[in-house]
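# Survey of secondary and tertiary structure
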Amino acid sequence: MLRPADGKETACAYKVAALNRKRPSILALSRQKLPHLPGTSIERVEKGGYIISNILSTRLPDIILIGTSSELEIAAKAGDKLRKGGKTMRVVSFVSWELFDDQSAEYKESVLPAGVSARVSIAASTTFGWEKSEDCGK
């Protein structure tokens, strides 16, 4: 399952689906008109999940917001508001749990560090798969 958030992510999700020979691929696209989000990346979609915005320091964030598809825009806006309130934030795009699960433990830890337990996932209509966000990076 690939749930891209904008045109950049959709371009790579299509490429991933077309080249994938290991498992079936589904592109779940929104009917909404979605903006191109700062920090999204064509190249990083292949990792399944990646950071779109981060604190500008070496310390761990207070909170990680995780979004997918159209909900990534909500996560990005919430992250901006919380940053203005003094919180250190990280916003993560999750296009595909399956692709993220294929990554090395080091990569998963770099995106979702085990030392950050305050995580909020934003997804429409379902909690399926999000229970993993508590264990990612461990």
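Higher on the page you've got the structure.
Anyway, here's the lowdown on the structure attached to this text.

The rules behind each value
Residues numbered from 1 in each chain as written. Predicted model: local features only at pLDDT ≥ 70, side-chain atom pairs only at ≥ 80, totals over all residues. Heavy atoms only, no water. Helix = DSSP H or I, 4+ residues; strand = E, 2+ residues; numbered from the N terminus. Buried < 20%, exposed > 50% of the residue type's maximum accessible area, 1.4 Å probe, protein only. Contact = heavy atoms within 4.5 Å. Areas by Shrake-Rupley, 256 points an atom, 1.4 Å probe, with all protein chains shown as cover. Salt bridge = Lys/Arg side-chain N within 4 Å of Asp/Glu carboxyl O. Pairing = 2+ DSSP bridges. Axes fitted to C-alpha atoms, helices over the stretch in contact; angles between N-to-C directions.

A count of helices and strands for the protein gives four helices and four strands. Listing every helix and strand of the protein by position from the N terminus yields α-β-β-α-β-α-α-β. Going through the 138 residues of the protein one by one, you find that 44% of them count as buried. Excluding contacts between residues fewer than 6 apart, the proportion of contacts in the protein whose partners are at least 24 apart in sequence is 74%. As displayed, the protein has an accessible area near 7,800 Å², and 56% of this comes from carbon and sulfur atoms.

Once that is clear, we can look at the pattern of salt bridges. The tally for this structure, following the rule as stated, stands at seven salt bridges. With a shortest N-O distance of 3.2 Å, Glu-46 and Lys-15 are connected by a salt bridge. Residue Glu-46 is found in the loop between helix H1 (7–19) and strand S1 (49–53), and its partner Lys-15 is found in helix H1; the two are separated by 31 residues along the sequence. Residue class for Glu-46 comes out partly exposed when judged on its relative accessible area of 38%. Judged by relative accessible area, which is 42%, Lys-15 ranks as partly exposed. With its nearest N and O atoms 2.7 Å apart, the salt bridge here joins Asp-102 to Arg-23. Taken together, the positions of Asp-102 in the loop between helix H3 (97–101) and helix H4 (105–111) and Arg-23 in the loop between H1 and S1 put the pair 79 residues apart, joining distant regions of the chain. On the basis of relative accessible area, Arg-23 is assigned to the partly exposed category, the value being 27%.

With that settled, consider the sheet that holds strand S2 (residues 63–67). In spatial order, the strands read S1-S3-S2-S4; together these four strands make up an open sheet with mixed pairing. Each edge of the sheet is formed by a strand with only one pairing partner; in this case those strands are S1 and strand S4 (119–122). The average undirected angle you get between the axes of adjacent strands in this sheet is 25 degrees. By the bridge criterion, four bridges tie S2 to S4 in an arrangement that is parallel.

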